[in-house]
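# Summary of the model geometry
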Amino acid sequence: MRVALKVVIWLIAIYAVLVVGSGLAIKALLTPARIGAVVRSATAGLPVAVTVQEGSFDLIPWIRFQPVVRLRKITVGNAPGFSAEPMLAVEEAGAQVGLFSLLGQEVRVRSVELREAALNVETNARGESNVAALVTALGKAEPQSADNAEQSSGKRVSVDRILLTNGSVRYRRHGRAADLTLRGIQLTVSDFGSRRPARVDLEAQVFGAKRSRLGFKGQAGPATPNSLPAEGELSVMLVPAEMPEAVRSQYLGDLLREPPADAAVSLKASVQGDLMTVAEGAGQVVFSHFALGRAKETRLPLGGQAPFRIAVRQALGDPAVDISTSSASLRLGEGTWKGALSVRYSQAGMSGTNSGSIRGVRMEQMLRAFTAAKESVSGLAEIPDYRIEFAGRDAAQLRNSLRGGGTIRVEQGKVALFDLLGTIEGRIRNVLAGEEGKAGTTDFLTLSGRFEIRNGQVVFPELALQNTSSTVTGQGWVAFDHAISFDLVTDMTGELASRLAGKRDAAGAGRLRVPVRVRGTLESPKIYPDIGGMVKGAAVEKARGLLDSFLKRRSGETEAPKP
């Protein structure tokens, strides 16, 4: 028993001496100069420069016959035609190799770990991507001939898993600062090989936040010149409250100035295609506790889910994302929005179209959410149809680019800008008896018309407002800077119309038409009733009536038979 124990102890000691000794010897051989020479030799066929500053050999894994080599401060340069900034910078990389596979025909790399890898995706003046250029160059590399394969060691290399932690991807167009950056990337690539697809599991932070994430699970590859096929499940979660305020303000203006803390928009889609060209698919988008508005007091709730299609173009170059839905139905305030939406986002900006209908929403609620002007119109709004186009790099450009139009109808409301009838009556009483009208609002049963959005204005080529005692028709516009200009005609009935000898209708009631000009701003409108023209017109009508009556009497006297 003692002899056996001694043998075991001696074997352990010999193993420890051999393993630790060989490990220390290997570690001593991995000097920066030797590492640099090995890297230059291994990457001699690449069209880019690869540098490594430091290297080490881990003894603990070596004891388990799982040698691990670690390299630090790795940089991969750009291909000719791009900037001098590295395309890829890796803080640390480690490779674990199966020891006994070194004796066979296939060297098995159990795992490759990359920590804090920063990828700079750059597009040059010709619209070419540095990543796409590298993939294309690698795909065009001349394969090893059969004769050369026999003369060489004949070893193949397989990688079980590539793991990247805390990575980042920065997209930049030629001559511009970085427009889009993804951080906190966790990437796992399994079953990696040159002739088969690899499994991919990707997750990245959006805005550097916790809940806002981007993920992909599926497969990608094998890569060929100008092609990198991929398919899988894409998921995105965006929490507006986690977006930097500068980003919200730049792209959305006041629409998400103070979003609810639990508001989120999420989408999931099955996509397939090519990361070098386009990958597309379909899925569902969900709005949870979402709201639009400039502040807590002015929020307009938006909720529900809708089908959509997505296309990601040039993911490894100058990326662009197209999202569209053709038959969405969402809750908007107390009503609904139904329609279609198509949006494209790229480093050049945002563009798209929006069309559909809005029903059952309070007009004042929409105005509070979308404008900073005082509450000018209230009532139950219906927009049976509209279409709007937009394009720009920020909120100001998007707002000024708005083009489109539609029809609108508001019921049981009021115009809070001015008391139109009160102002007219006050002006008339002042003319007749020195009386002043009372200030107030203009109530209406219905307000309807067409609208057009162009050149920073909302134009109303046809506008009609009706209540129990008058009808107002005309046209005008409201500018985005709150300037207003309307030319209206008020058709009045009642006492004043009778006192001014207005035309009488079939029922014998007095009727009077008053031209009105409205100028100024939403905050300070000015009303100019054309009382002189109205009185002159009324006098003419009265004179015509008297003349007609006189002529009829004269005609009757002339034609009457003599007794």
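This text follows the structure it describes.
Okay, so let's go over this structure.

Criteria and thresholds
- Residues numbered from 1 in each chain as written.
- Predicted model: local features only at pLDDT ≥ 70, side-chain atom pairs only at ≥ 80, totals over all residues.
- Heavy atoms only, no water.
- Salt bridge = Lys/Arg side-chain N within 4 Å of Asp/Glu carboxyl O.
- Helix = DSSP H or I, 4+ residues; strand = E, 2+ residues; numbered from the N terminus.
- Buried < 20%, exposed > 50% of the residue type's maximum accessible area, 1.4 Å probe, protein only.
- Core = buried A, V, L, I, M, F, W, Y, C linked by side-chain atoms within 4.5 Å.
- Contact = heavy atoms within 4.5 Å.
- Phe/Tyr/Trp six-rings, centres within 6.5 Å; stacked < 30°, edge-to-face > 60°.
- Polar contact = N/O pair within 3.5 Å; in protein donor to acceptor, adjacent residues only side chain to side chain.

For the structure shown, the criterion picks out 19 salt bridges. Glu-92 serves as the salt-bridge partner of Arg-115, at 3.8 Å between the closest nitrogen and oxygen. With Arg-115 in strand S4 (residues 106–123) and Glu-92 in strand S3 (residues 88–97), this pair connects stretches of sequence that are 23 residues apart. The partly exposed category is assigned to Arg-115, whose relative accessible area is 33%.

Here we take up the nonpolar core. Formed by 57 residues in total, the largest nonpolar core has its most connected members in Phe-290, Ile-358, Met-363 and Phe-486. With sequence-adjacent residues up to four places away left out, Phe-486 is seen in contact with Phe-460, Leu-463, Gln-475, Gly-476, Trp-477, Val-478, Val-516, Arg-517, Val-518 and Arg-519. Within the second largest apolar cluster, 26 residues are counted, among which are Ile-74, Val-76, Val-90 and Ala-93.

With that out of the way, let us pick up the packing of aromatic side chains. The tally for this structure, following the rule as stated, stands at two aromatic pairs. With centroids separated by 5.3 Å and ring planes inclined at 75°, the aromatic side chains of Phe-287 and Phe-290 adopt a geometry described as edge-to-face. Each member of the pair, Phe-287 as well as Phe-290, carries the same accessibility label: buried. Between Phe-460 and Phe-486 the ring centres are 6.2 Å apart and the planes differ by 35°, which places this aromatic pair in the tilted class.

With that out of the way, let us pick up the side chain of Glu-364. Structurally, Glu-364 can be placed in helix H7 (residues 363–370). At 3.0 Å, the side chain of Glu-364 forms a polar contact with the backbone nitrogen of Gly-379.

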